[in-house]
Amino acid sequence: MSPASASPVPAGGGGSAALRHVAIIMDGNGRWAKRRLLPRVAGHRAGMEAVRKTIRAAGELGIEALTLYAFSSENWRRPATEIADLMGLLRFYLRREVAELDRNNVRLELIGDWRAFEPDIVADLDAARSRLAGNSGLTVALALNYGSQDELARVVRAIAVDAQSGRIDPATISAATIEQRLDTAVLPPLDLVIRTSGEERLSNFLLWQSAYAELLFVDTLWPDFDQAALESAIAAFARRERRYGGR
């Protein structure tokens, strides 16, 4: 599916553009579990159900691309037991959900250094992306072992290699040169970033892509996020006027 091919959500509002690409920092699983006196893994399991609900809702609402911050490059600092739980849940999700994603015409993209995961997870990710590659509905991009600073460093290194070899003239390097090499190059421009749980920072997520995106911070913990929460976020986006520095 090309970035221009889907029908965008009409955002309405004075001067607002249509909403095509939403990204979510899915935060609050641990706090959700703690409030219920449950282990953290229970929060992550509930968060997986929120992923299912949100993907289904995004498809029904006509959003073209949904990027989910599933595992950051900084998440490796968490306790080994929690990382093992997260990897187990990722395995379970991939194997259980790919058929439903296929039925719902969802296409899968992956961003980040996801090939650093265990070989069986990499194989499952490859298989899921291959199976869903021909679909033309919602594109779900999973950010796995992703950090925006690392992404930009990789792009800069690649451009430097091309400049050193003469394949690119340094004088011609522009913002477009960088954008074409980002992990998200196959996705439409980012319109809206939502972070759940009340935290108000980007946490090394889509820093370049967020330059003119609208940012929305909500108190809802990620496991409680659902279609109503997504619709509320879309309504908030619709009320904003995007000026891109023009006035």
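The structure displayed is predicted, hence computed values, not measured ones.

Let us now look at the packing of helix α3 (residues 80-103) against helix α4 (residues 119-132). Running from amino to carboxyl end, α3 crosses α4 at an angle of 15°, the nearest separation of the two axes being 10 Å. The orientation of α3 with respect to α4, classified from their angle, is roughly parallel. Where α3 crosses over α4, the handedness of that crossing is left-handed. Residues Met-87, Leu-90, Arg-91, Leu-94, Arg-95, Val-98, Ala-99, Leu-101 and Asp-102 of α3 form the contact with α4, whose participating residues are Asp-120, Ile-121, Asp-124, Leu-125, Ala-128, Arg-131 and Leu-132. Its residues assigned to classes, the contact of α3 with α4 shows 10 nonpolar, no polar and 6 charged.

Here we take up the pairing of strand β2 (residues 65-72). Where burial is concerned, most of β2 is hidden: 7 out of the 8 residues are buried. Sheet analysis places strand β1 (residues 21-25) next to β2, joined by 5 bridges and oriented parallel. Bridge pairing in β2 links Ile-25 to Tyr-69. Judged from the 7 bridges that link them, β2 and strand β4 (residues 139-146) form a sheet pairing that is parallel. Looking at the pairing, Leu-66 lines up with Val-140 of β4.

Our next topic: the side chain of Thr-184. Relative to the helices and strands, Thr-184 is located in the loop between α6 (175-179) and β5 (192-195). Here Thr-184 falls in the buried class, since its relative accessible area comes to 8%.

Right, let's get into unusual backbone geometry. A positive phi angle is found at Asn-105, which is not glycine, with a value near 65°. One non-glycine residue, Asn-204, adopts positive backbone phi at about 65°. Tracing the backbone shows Asn-204 in the loop between β5 and β6 (214-217).

Rules used in this analysis
- Residues numbered from 1 in each chain as written.
- Predicted model: local features only at pLDDT ≥ 70, side-chain atom pairs only at ≥ 80, totals over all residues.
- Heavy atoms only, no water.
- Axes fitted to C-alpha atoms, helices over the stretch in contact; angles between N-to-C directions.
- Helix = DSSP H or I, 4+ residues; strand = E, 2+ residues; numbered from the N terminus.
- Parallel < 35°, antiparallel > 145°, perpendicular 65-115°, else oblique.
- Left-handed = near helix turned anticlockwise from the far one by under 90°.
- Contact = heavy atoms within 4.5 Å.
- Nonpolar A, V, L, I, M, F, W, Y, C, P; charged D, E, K, R; others polar.
- Buried < 20%, exposed > 50% of the residue type's maximum accessible area, 1.4 Å probe, protein only.
- Pairing = 2+ DSSP bridges.

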